[in-house]
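# Survey of secondary and tertiary structure
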Amino acid sequence: MRVLIQLRPSPDLVAAVADPGQTATTADVADGLPGVELDAAYVPVAVPRPVPAAGGDPLSLNQPLDFSLAAEDASVLVRGTISDDELASRVTLLPTLRPDVVGIFSDPVIESSPTCGGDSPNGDWHDVERLLNVAGLQAEGLDGSGVALAVLDTGVNAAHTARQLGRAVTLDAPRCWSPSGVTGKPGEFEVDHGTMCAFDALIAAPQASLIDIPLLLSTRPGGSALDGLLSDAVSAFAHLRTVLDAQPAATRALVVSNSWGSFSPEWDFPVGHPGNYSDSAAHPFNLMVAALDRAGADVLFAAGNCGQECPDGRCAYPNRPIVGANSHPKALSIGGIDVNGDRVGYSSQGPGRLTARKPDVCGYTHFLGSAAFGKGEPDSGTSAATPVVAGLVAAVRTRWPAAKLSPAQLRALLRRSAEDRSEVGFDYDYGYGIVDPGGIMAALQRRAKNAA
């Protein structure tokens, strides 16, 4: 089984891993772990220590947390493989044999969320543009200018995206990032799922700067072209933390779109095991999500395509399929509706696992747009709905950076202003409802007036 091993080496090594200007290797921090085949190609990642802002449980994600990357506080993650035959014994013995081992966590396969096929597209991206009131957003100066929009997927083809949109696309090449072993230049990857996500995000935020992170272009043995490992997502979020920290505090704006998730408990430790990902707030990646939120980023995840009416064939959780970070209380979990406002049958329903009230809101999907999968094929799944909403968030951030409207406040605003579609208030089909740009703009105008 592939695992993430959390270590607390000497403070000087922790400082070297945490410093973007230095390079520490797996051998530097974890040479000779008994029974573990370490992945030398994986660059160790510093994990900040969660500290309750006002006392309490550091692993409760429903309270304000601060995160420390100080050498005496942070820990370090490395990646490796433990034989299935020895897994239980090694997980138990390693912390005893090596006191610097803090914990051993699952490193599940993560995959994109395309739709179950067969249904014709419903409308096109111009319908989505109209429903998002993009003209009204732009009249308010909300077009994504100056906002970093990270697409974590299979890579972006910027030229194809520009052709389909009929306008230029801004790529922030210096801040793009690739997992170890992934070749190719930012913005020049093959047209695929990631290109669809980039296109859909730019509908509402045409002037946003794309950060291309081809997270799902796995080079692991046996990996397909559309899956990766959660450990690479940990590294990607660590990179995005450096991007965010480099932005001026007064204008900090980073939106992170994730149209992927874990479909099967086969790759995870059982629920209740200390290394579990699906249900554990203590998993390093779930801590990284909370840390990035605290630093000022807006993090969005697809709810997934395990809806009861039309589940994806890979869906292996018998219930509550919105798992791990896709159900994180510090992230927006996005369900899918068509341009008529009806929930698509594959959109996963709650409750979520880390927090019950998931999905949060719904975005538009199953429309003609990017042509990433061929002419006449829809942009579909909660994979499309998530960047559609991410683009709306990026548009808001044009004039409302995190210093003026925190990620938590923006999440609350999106939920509060959403168009209710089912039961009064929250429900597990639509969440709080469909994103409503008009309601968002009205609330922001009131907020600006009250602050004047």
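Just above, that's the structure.
A quick note: this is a predicted structure, and the numbers were derived from the prediction, not measured. (Residues numbered from 1 in each chain as written. Predicted model: local features only at pLDDT ≥ 70, side-chain atom pairs only at ≥ 80, totals over all residues. Heavy atoms only, no water.)

### Description of the environment of Ala53
The test is simple: The helix and strand labels rest on DSSP assignments: H or I over at least four residues marks a helix, E over at least two residues marks a strand, and numbering proceeds from the N terminus. Any residue under 20% of the maximum accessible area for its type is buried, any over 50% is exposed, and the rest in between are partly exposed; the area is computed with a 1.4 Å probe on protein chains only.
Summarising the element assignment, Ala53 is placed in the loop between strand 4 (49-52) and strand 5 (65-68). Among the residues examined, Ala53 registers a relative accessible area of 40% and is labelled partly exposed. Sequence separation between Ala53 and Phe301 is 248 residues; the distance between their C-alpha atoms is 25 Å.

### Remarks on the sheet that holds strand 9 (residues 148-152)
Filter applied, for reference: A pair of strands is treated as paired once DSSP finds two or more bridges between them. We call two residues in contact when some of their heavy atoms are within 4.5 Å. Here an angle of 0 to 180 degrees is reported between the N-to-C directions of two axes, which are lines fitted to C-alpha atoms, with helices fitted over the stretch in contact.
Strand order in the open sheet made by the seven strands is 10-11-9-13-15-16-17, with parallel pairing throughout. The sheet is open, and its two borders are formed by strand 10 (170-171) and strand 17 (361-364), each paired with just one other strand. Examined bridge by bridge, strand 9 and strand 13 (residues 254-258) share five bridges and lie parallel to one another. Bridge pairing in strand 13 links Val151 to Ser257. Where helix 8 (residues 230-246) meets the sheet, it contacts strand 9, strand 11 (209-213), strand 13 and strand 15 (297-302), and its direction lies at approximately 165° from that of strand 13. On the sheet, helix 11 (residues 407-417) packs against strand 15, strand 16 (332-337) and strand 17 and is oriented at approximately 45° with respect to strand 15.

### Comments concerning the pattern of salt bridges
In plain terms, the rule: Whenever Lys or Arg places a side-chain nitrogen within 4 Å of a carboxyl oxygen from Asp or Glu, that contact is recorded as a salt bridge.
Going through the model one piece at a time under the given rule, you end up with 19 salt bridges. We note a salt bridge from Arg175 to Asp172, for which the minimum N-O separation is 3.3 Å. The class for Arg175 is partly exposed, based on a relative accessible area of 36%. Between Asp293 and Arg411 there is a salt bridge, with the nearest N and O atoms lying 2.7 Å from each other. Of this pair, Asp293 sits in helix 9 (residues 284-295) while Arg411 sits in helix 11; the two residues are 118 residues apart in sequence, bridging distant segments of the chain. A single salt-bridge network, built from bridges that share partners, covers Asp39, Arg79 and Asp232.

### With respect to the nonpolar core
One recurring pattern in soluble globular proteins is that nonpolar side chains are buried together. Stated precisely, the cut-off is as follows: In this text, buried Ala, Val, Leu, Ile, Met, Phe, Trp, Tyr and Cys residues form a nonpolar core when linked through side-chain atoms within 4.5 Å.
The biggest cluster of nonpolar side chains holds 59 residues, and the ones touching the most others in it are Val128, Leu132, Val255, Leu300 and Leu414. By residue number, the principal contributor to this core is helix 10 (residues 381-397), which donates ten residues. Leaving out residues up to four positions away in the same chain, Leu300 has contacts with Val255, Val256, Ser257, Asn258, Leu332, Ile334, Thr386, Val389, Ala390 and Val393. Among the nonpolar cores identified, the runner-up in size contains 37 residues, and Val45, Val289, Ala297 and Ala331 belong to it.

### Observations regarding the environment of Ala394
Counting through the fold element by element, Ala394 comes out in helix 10. On the basis of relative accessibility, which here comes to 0%, the residue Ala394 falls in the buried class. Ala394 sits 193 residues away from Ala201 along the chain, and the two C-alpha atoms are 8.5 Å apart. Look past the residues within four positions of Ala394 in its chain and what remains in contact with it is Gly144, Val147, Leu149, Ala205 and Val255.

### Observations regarding the packing of aromatic side chains
We count it as follows: Pairing of aromatic rings covers Phe, Tyr and Trp, the last counted by its six-membered ring, and requires centre-to-centre distances within 6.5 Å; plane angles under 30 degrees mean stacked, over 60 mean edge-to-face, and any other angle means tilted. Only when the NZ of Lys or the CZ of Arg is both within 6 Å of the ring centre and within 35 degrees of the ring normal is a charge said to sit over the ring.
Following the criterion strictly, the structure yields seven aromatic pairs and no others. Judged by centre distance (5.3 Å) and plane angle (80°), the ring pair of Trp260 and Phe301 falls under edge-to-face. Here Phe301 lies in strand 15 and Trp260 lies in strand 14 (residues 260-261), a separation of 41 residues in the sequence. Judged by relative accessible area, Phe301 falls into the buried class, the value being 0%. Through a chain of ring-to-ring contacts, three or more aromatic side chains come together here, namely Phe237, Trp260, Phe285 and Phe301. The ring of Phe263 has Arg314 lying over it, and the distance from NZ or CZ to the ring centre is 4.0 Å. Directly above the aromatic system of Trp400 lies the positively charged group of Lys404, at a separation of 4.7 Å from the ring centroid.

### A closer look at the state of the cysteines
Condition: Here, a disulfide means two cysteine sulfur atoms that sit within 2.5 Å of each other.
In this structure the tally under the stated criterion is one disulfide. Residue pairing for Cys306: its cysteine sulfur links by disulfide to Cys315, the two sulfurs lying 2.0 Å apart. With the S-S bond torsion at -90°, the cross-link from Cys306 to Cys315 turns out left-handed. Using a relative accessible area of 15% as the deciding quantity, one classes Cys306 as buried. On the accessibility criterion, Cys315 (22% relative accessible area) is partly exposed. Just so you know, Cys176 is unpaired, no disulfide at all, and the nearest cysteine sulfur is the one on Cys197, 15 Å from it.

### Brief notes about helix 9
What counts here: The span one expects for a helix is its residue count, reduced by one, times 1.5 Å.
Over its twelve residues, helix 9 runs 16 Å from end to end, which matches the ideal 16 Å to within 8%, given 1.5 Å per residue. Among the twelve residues that make up helix 9, eleven are buried, leaving the element largely enclosed by the rest of the structure. Looking only at helix 9, the buried set comprises Pro284, Phe285, Asn286, Leu287, Met288, Val289, Ala290, Ala291, Leu292, Asp293 and Ala295. Just downstream of helix 9 lies Gly296, where phi reads positive at about 120°.

### Looking at unusual backbone geometry
For the peptide bond that leads from Gly350 to Pro351, omega is 5°, which places it in the cis range. Here Pro351 lies in the loop between strand 16 and strand 17. A cis amide bond, omega 0°, links Lys358 with the succeeding residue Pro359. Residue placement: Pro359 occurs in the loop between strand 16 and strand 17. Phi at Arg320 is positive, roughly 50°, even though this residue is not glycine. Topologically, Arg320 is positioned in the loop between strand 15 and strand 16. Under the relative-accessibility criterion, Arg320 is labelled partly exposed at 33%.

### Let's talk about the packing of helix 11 against helix 12 (residues 437-451)
Put simply, the rule reads: Should an angle lie under 35 degrees it is considered roughly parallel, over 145 roughly antiparallel, and from 65 to 115 roughly perpendicular; all remaining angles are considered oblique. It is the rotation of the near helix from the far one that decides the hand of a crossing: anticlockwise by less than a right angle makes it left-handed, clockwise makes it right-handed. Residue classes follow a fixed rule: Ala, Val, Leu, Ile, Met, Phe, Trp, Tyr, Cys and Pro count as nonpolar, while Asp, Glu, Lys and Arg count as charged, and any other residue, Gly among them, counts as polar.
Two elements in contact, helix 11 and helix 12, have axes whose closest approach is 9 Å; the angle formed by their N-to-C orientations is 125°. Regarding the angle of helix 11 to helix 12, the classification is oblique. In this structure, the crossing between helix 11 and helix 12 has a hand that is right-handed. Taken together, the residues of helix 12 that come into contact with helix 11 (itself represented by Gln409, Leu413, Leu414 and Ser417) are Gly439, Ile440, Ala443, Leu444 and Arg447. Partitioning the contact of helix 11 with helix 12 into residue classes produces five nonpolar, three polar and one charged.

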